[in-house]
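Secondary and tertiary structure notes
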Amino acid sequence: MSTALTTSFPSPVPPGAGWPQDPVAPGDPLPPVARSAAGVARLATRATLPQLDARVSVCAACPRLVSWREQVAREKRAAYAGESYWGRPIAGWGDPAPSILVVGLAPAAHGGNRTGRIFTGDRSGDWLFASLHRVGLANQPTSTHAGDGLRLTGARLLAAVRCAPPQNKPTTEERETCAPWIEREVRLLLPGVRVVVCLGGIGWDAALRALSSAGVPIPRPRPRFGHAVEVELAGPHPLRLLGCYHPSQQNTFTGRLTEPMIDAVLGRAAELGRRSL
């Protein structure tokens, strides 16, 4: 994959422009930009969590994803024509010292790619945050924009791929290129984590890879994804891996995933997470 880009910063909203969720504060030095898979790996290694969030937010390693997220941010959906789009990669978000990680696929083109916060402003997020609120992990049931007052308690949201992909389908190469970001984030957060909830098969695969990279032994044969699957992992402390169908419109509209089903998985995560406190 070529890594040449025509822009110095992939930024419909420039880093440090003052958006409430921007990990680059106004006036701060701009973070280094990863422009290749090797660059992602180099910049993720040894980064602190604040450094990681800032470096993720300006990543430009995948030309197809950069082009798509910026095109969406320029053209917009008619319903959001009067809004400014984030148009950049999405950092992890939530409690900075979580006992629960929730791993999804990627930002939605007119959700996180618009609002700048993971799962915010799209139908999947409507389902996810409503459930997190019902089980006691969120202070409110809705997530509409980055300044809406939403807070998570004991939980943090991560994505396997940090840019919105066309048709919600990142390529294998794009997933591989992005992997060091989540691997470093999981490694940094792991000492306090007791539960990892995986939304869909890609979230499951990314979580297993990240946990393995962080030194958590993965059983053989490798656990297979399924809704409500629960796997106990060995390591320096007890750790549970939970599977949940992704709250995509395809799953929620067809009834493959219902509110009681997602509440059962996230409620189990909340129960396990509270036991660790």
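What comes next concerns the included structure. Owing to the predicted nature of the structure, the values given are computational and were not obtained by experimental measurement. (Residues numbered from 1 in each chain as written. Predicted model: local features only at pLDDT ≥ 70, side-chain atom pairs only at ≥ 80, totals over all residues. Heavy atoms only, no water.)

A word on the layout of surface pockets. Gaps between atoms show up when a probe of the same size as a water molecule is rolled over them. Of the voids in this model, the largest pocket is the one considered here, and its volume is about 920 Å³. Lining the largest pocket are 36 residues; nearest its centre among them are Ser124, Asn168, His246, Ser248 and Gln249. Of all elements in the fold, only α5 (123–134), β3 (155–159), α7 (200–213) and α8 (249–254) reach the threshold of two or more residues within the lining of the largest pocket. In terms of residue count, the dominant contributor to the lining of the largest pocket is α7 (four residues). Class assignment for the residues of the lining of the largest pocket results in 15 nonpolar, 16 polar and five charged. Here the second largest pocket defines a volume of roughly 160 Å³. Looking at the second largest pocket, it is lined by 13 residues, and the ones nearest its centre are Arg175, Ala179, Asp205, Ala206 and Arg209. Of all elements in the fold, only α6 (172–189) and α7 reach the threshold of two or more residues within the lining of the second largest pocket. (1 Å grid on protein atoms, 1.4 Å probe; cavity = no way out; pocket = protein on both sides within 12 Å on 5 of 7 lines; lining within 4 Å. Points joined across faces, edges and corners; volume = space filled by probe spheres on them. Helix = DSSP H or I, 4+ residues; strand = E, 2+ residues; numbered from the N terminus. Nonpolar A, V, L, I, M, F, W, Y, C, P; charged D, E, K, R; others polar.)

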